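Close look at the chain arrangement
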Amino acid sequence: AGEGFMPWVDDEIRRSGCGSTLTLTATGPPIRQRDRYTGPVAAGPSFFRSSPNESIGSVSARPYPRRASGRNLETLARSGNQAAPPVCRRRFGAESTMAAGEQRSAAKISSSAATNSSGRPVTPFWKEKYERDARRYWDIFYKRHEDKFFKDRHYLDKEWGKYFEVQDGENMAILEVGCGAGNTIFPLLATYPDIFVHACDFSSRAVDLVKKHKDFRSDRVNAFACDITSEQLTEAVEPSSVDIVTMIFMLSAVAPDKMPLVLQNVRNILKHGGRVLFRDYAFGDLAQERLMSKGQQISENFYVRGDGTRAYYFSNEYLVDLFSKCGFTLEEICVHNKKVENRSLDLVMNRNWIQATFTLNPAGPLSPNNQHDHNTCEGKDDKLAVDMSQKKSESEEIDLSVDFSNMFGTSHYLNEAQIIRIKAKGHDFKIKMLAKEYQHTCKSTGLMLWESAQFMCSLLAENPSIVAGKRVLEMGCGSAGICSMVAASSAQFVVATDGDAESLDLLRQNTSSNLDAELLNRISIRKLFWGDEDDVKAVRELSGDGAGFDCIIGTDVTYNPDATLPLFKTARALISDGGDAGSKAALILCYIQRRVDEDSILSAAEAQGFWLVDKWINGVHESNGIISSWFRGNDVCGAFRNVTLSILYFEV
């Protein structure tokens, strides 16, 4: 990075071997000189949460230029320069089906939240992990929801019924790719008695749900698990034997670079002239905006959801180009836009999905633009008012895999919480927490345990004098609270704080299950949004006559550039101004450098009246005496030898 501030340096900074060589991976172009960061962020009036990944609210300035993600969301993903495909228009009241040009202008309006968001792509490590563990995430999805998430898709008869009609005495073979729990195949079987359905899914748990369905019959359904990106369909289905392939909200779950593999695989089992019936997410959908704003983008138009599953949002151009390169011809395409009104939350949500029909080497006459003449869809007003008491929309037209509880409700992740054992000198804790694999998908990383908290916990256990007899405050302690629990053994009292309600609930469980009554009486657990005057006032009153705290501890609380200044402003309002030389109140921060560099931290600290007394960087910088004394006679660093941890020691 050198002289220029590089905000896109990869999160993963690791030491190599036993030396102190740092390997940094940077992505994106260099920043122009005029765009470089020149001072601390000027935050607008907003409240800040003290646990990682929480929403920060509105901010009047950014600490560095927003990263360009290849193309802005307003620009449709395009492949090649071919003319736009024919588009049928379906009008839903004032909201109409969008042609390629209309889709662009509508996206500019509907995606304003996304383009103005502060989200950033996940790192290459997590991108690879979500691809590698994709099957496991879908297995977890079906373990959690079973067959209760999606409604049965009875609209297939209305939308594509003409394709399923067969002559007397003939049979038709259907392949449902991504069958899930059978919400497509069983309505088809009930409506059309002369069809045979092959049904495959990535998740073996989903296939088991199909086979357990009350209407499953082995003489009418061939259900099997298949990773269609790497396993051949011809192992379970005869080549060139299928009349129709249905792909309903399936292809979006596949990484874009593997989508051609899916279509080539489908070609092998589809008859010449056979059709692919396609419905999936469209560019500009509300869910896409929310995923981008949460920093869950994997690549352009491709995102990871809160449960680890992924979704791609298609434009007309991208979809048509993808199929045409794999030997398919477009027959019909529609982009549906629907306003879903939620009265309880006072929200009007734009939901978009794309529907298309493709043929494989059709035998019929082609129109001059080498496409089949397409039918014009006709519809009716399709506005839906949804009451929050309903889990899902009652409309059969809305069929999107992000429901209201996913988009606006509470977290379900604690169902996957695990118990881990944390040992420090004189302490043995059993902590309930989430695994770190959820860090890009869970709304609060305060539900996880990070290296800096474990490191500081060990230091406090080895050096009780750091907090002995003092009034201690932990900021952004998360749900584990191990530093606060260790400090309670020698401190006068401890106040453990966080801004996330779910983290605080789990923190109460962890403290009550690990501490005896005497130590529990020394710990108070409180909500603290950084910058919230009411929260700050309530916490300061706990310090005893409002005198402030003698020692404030924060671990991994400096990762968010927008929250750095509110962090120090809140700490300054809560720290004690008293004390003689050698016993002054201290602010101790332990962290792994991520998005905020040390100069930015020090600048924000100085602006609030803190000065740096000592600093220590694992394997890189020895301290001036205070921090280095904490390592004498112990091997705390041994377990963290390959982690670049930093400790900053401030006084007022």
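Residues numbered from 1 in each chain as written. Predicted model: local features only at pLDDT ≥ 70, side-chain atom pairs only at ≥ 80, totals over all residues. Heavy atoms only, no water.

1. Quick look at the overall build of the protein chain
A count of helical and extended segments in the protein chain gives 18 helices and 24 strands. Within the protein chain, the proportion of its 652 residues that are buried is 56%. Here the contacts in the protein chain between residues at least 6 apart in sequence split such that 73% fall between residues at least 24 apart. As presented, the protein chain carries roughly 28,100 Å² of accessible surface, and 46% of it is formed by carbon and sulfur atoms. (Helix = DSSP H or I, 4+ residues; strand = E, 2+ residues; numbered from the N terminus. Buried < 20%, exposed > 50% of the residue type's maximum accessible area, 1.4 Å probe, protein only. Contact = heavy atoms within 4.5 Å. Areas by Shrake-Rupley, 256 points an atom, 1.4 Å probe, with all protein chains shown as cover.)

2. Some details on the sheet that holds strand β18 (residues 471-475)
Taken together, seven strands build an open sheet; the order of strands is β20-β19-β18-β21-β22-β24-β23 and the sheet is mixed. If you trace the sheet from one side to the other, it starts and ends with β20 (523-527) and β23 (611-617), each paired once. On average, each strand axis in the sheet is tilted by 15° relative to the strand beside it, whichever way the strands run. Pairing between strand β19 (residues 493-498) and β20: five bridges, direction parallel. Its bridge partner lying in β20, Thr497 is registered against Arg526. In this fold helix α16 (residues 533-541) packs onto β18, β19 and β20, with an angle of close to 170° to the strand it touches most, β20. (Pairing = 2+ DSSP bridges. Axes fitted to C-alpha atoms, helices over the stretch in contact; angles between N-to-C directions.)

3. Some words on the nonpolar core
The tendency in soluble globular proteins is for nonpolar side chains to be buried as a group. Among the nonpolar cores identified, the biggest contains 49 residues, and Phe455, Met456, Val467, Ile482, Trp630 and Ile647 are the most heavily contacted of them. Looking at this core element by element, the count peaks at seven residues for helix α12 (residues 451-462). Those residues in contact with Phe455 that lie beyond four places of it in its chain are Cys590, Trp616, Phe631, Val636, Cys637, Phe640, Leu645 and Ile647. (Core = buried A, V, L, I, M, F, W, Y, C linked by side-chain atoms within 4.5 Å.)

4. Some thoughts on the side chain of Gln355
Here Gln355 is to be found in strand β14 (residues 347-360). Only 3.0 Å separates the side chain of Gln355 from the side chain of Glu159, close enough to count as a polar contact. Dropping the residues within four chain positions of it, Gln355 is found in contact with Glu159, Trp160, Phe278, Arg279, Glu332, Ile333, Cys334 and His336. (Polar contact = N/O pair within 3.5 Å; in protein donor to acceptor, adjacent residues only side chain to side chain.)

5. Digging into α16
Those residues of α16 lying buried are Asp535, Val536 and Val539. All buried residues of α16 lie within an arc of 100° about the axis, which places them on one face of the element. Facing away from the buried side of α16, by more than 90 degrees, are the exposed residues Glu533, Asp534, Lys537 and Glu541. Among the structural elements, β18, β19, β20 and α17 (564-574) are those in contact with the buried residues of α16. One side-chain oxygen of the residue at the start of α16 lies 3.0 Å from the amide nitrogen of Asp534, identifying that residue as Asp532. (Arc of directions from axis to C-beta.)

6. Some remarks on helix α3 (residues 124-132)
Among the residues of α3, those classed as buried are Trp126, Lys129 and Tyr130. Down the axis of α3, the smallest arc covering the buried residues is 95°, so these residues share one side. Those residues of α3 that are exposed and aimed more than 90 degrees away from the buried face are Glu128 and Arg132. Buried residues in α3 make contact with α4 (134-145), β11 (302-304) and β12 (310-312).

7. Regarding unusual backbone geometry
Of note, the phi angle at Phe249 is positive, near 50°, even though the residue is not glycine. Within the fold, Phe249 resides in the loop between β8 (242-248) and α8 (259-269). Phi at Asp556 is positive, roughly 50°, even though this residue is not glycine.

8. Section: the packing of aromatic side chains
Evaluated as defined, the whole model comprises 27 aromatic pairs. Measuring from centroid to centroid gives 5.3 Å for Tyr281 and Tyr313, while their planes differ by 45°, and the two rings are tilted. Placement of the pair is Tyr281 in strand β9 (residues 270-281) and Tyr313 in the loop between β12 and α10 (316-325), with a sequence separation of 32 residues. Judged on exposure class, the residue Tyr281 and its partner Tyr313 are both buried. Pairing Phe568 with Phe650 gives two aromatic rings, centres 5.6 Å apart and planes at 80°, and the pair type is edge-to-face. Taken as a pair, Phe568 in helix α17 and Phe650 in strand β24 (residues 645-651) lie far apart in primary sequence, 82 residues in all. Here Phe650 falls in the buried class, since its relative accessible area comes to 1%. (Phe/Tyr/Trp six-rings, centres within 6.5 Å; stacked < 30°, edge-to-face > 60°.)

9. Description of the state of the cysteines
What makes a disulfide is a covalent bond joining the sulfur atoms belonging to two cysteines. The full count for this structure, using the stated rule, is zero disulfides. Unpaired in terms of disulfides, Cys590 finds its nearest cysteine sulfur in Cys483, a separation of 7.9 Å. (Disulfide = S-S within 2.5 Å.)

10. With respect to the pattern of salt bridges
Scanning the model with the defined rule gives 18 salt bridges in all. Lys425 is paired through a salt bridge with Glu462; the nearest N and O atoms lie 3.9 Å apart. Within this pair, whereas Lys425 is found in the loop between β16 (418-424) and β17 (427-433), its partner Glu462 is found in helix α12, the two being separated by 37 residues in sequence. Judged by relative accessible area, which is 28%, Glu462 ranks as partly exposed. A salt bridge links Asp550 to Arg471, with the nearest nitrogen and oxygen atoms 2.8 Å apart. Here Asp550, found in the loop between α16 and β21 (551-555), pairs with Arg471, found in strand β18; they are 79 residues apart in sequence, far enough to count as distant. The burial state of Asp550 is the same as that of Arg471; both residues are buried. (Salt bridge = Lys/Arg side-chain N within 4 Å of Asp/Glu carboxyl O.)

11. Examining the environment of Gly306
Turning to its location among the elements, Gly306 is positioned in the loop between β11 and β12. Measuring from C-alpha to C-alpha, the distance between Gly306 and Leu291 comes to 8.6 Å, with 15 residues separating the pair along the chain.

12. Some thoughts on the environment of Gly481
Mapped onto the elements of the fold, Gly481 is located in the loop between β18 and α13 (482-487). Looking at Gly481, the relative accessible area reads 2%, which means it is buried. Between the alpha carbons of Gly481 and Leu506 there is a distance of 9.6 Å; along the sequence they are 25 residues apart.

13. Some points on the environment of Thr558
With respect to the helices, strands and loops of the structure, Thr558 is situated in the loop between β21 and α17. In this structure Thr558 comes out as buried when scored by relative accessible area, which is 3%. Note: C-alpha distance between Thr558 and Cys590 (32 residues apart in sequence) is 8.9 Å.

14. Here's the deal with the packing of α8 against α10
Where α8 contacts α10, the axes come no closer than 10 Å and their chain directions differ by 50°. Between α8 and α10, the crossing angle belongs to the class labelled oblique. In this structure, α8 crosses over α10, and the sense of that crossing is right-handed. Of the residues in α10, those in contact with Met259, Pro260 and Leu263 of α8 are Tyr318, Leu322 and Phe323. Within the contact of α8 with α10, the residues separate by chemical class into six nonpolar, no polar and no charged. (Parallel < 35°, antiparallel > 145°, perpendicular 65-115°, else oblique. Left-handed = near helix turned anticlockwise from the far one by under 90°. Nonpolar A, V, L, I, M, F, W, Y, C, P; charged D, E, K, R; others polar.)

None of the figures reported here should be taken as evidence of function without further support.
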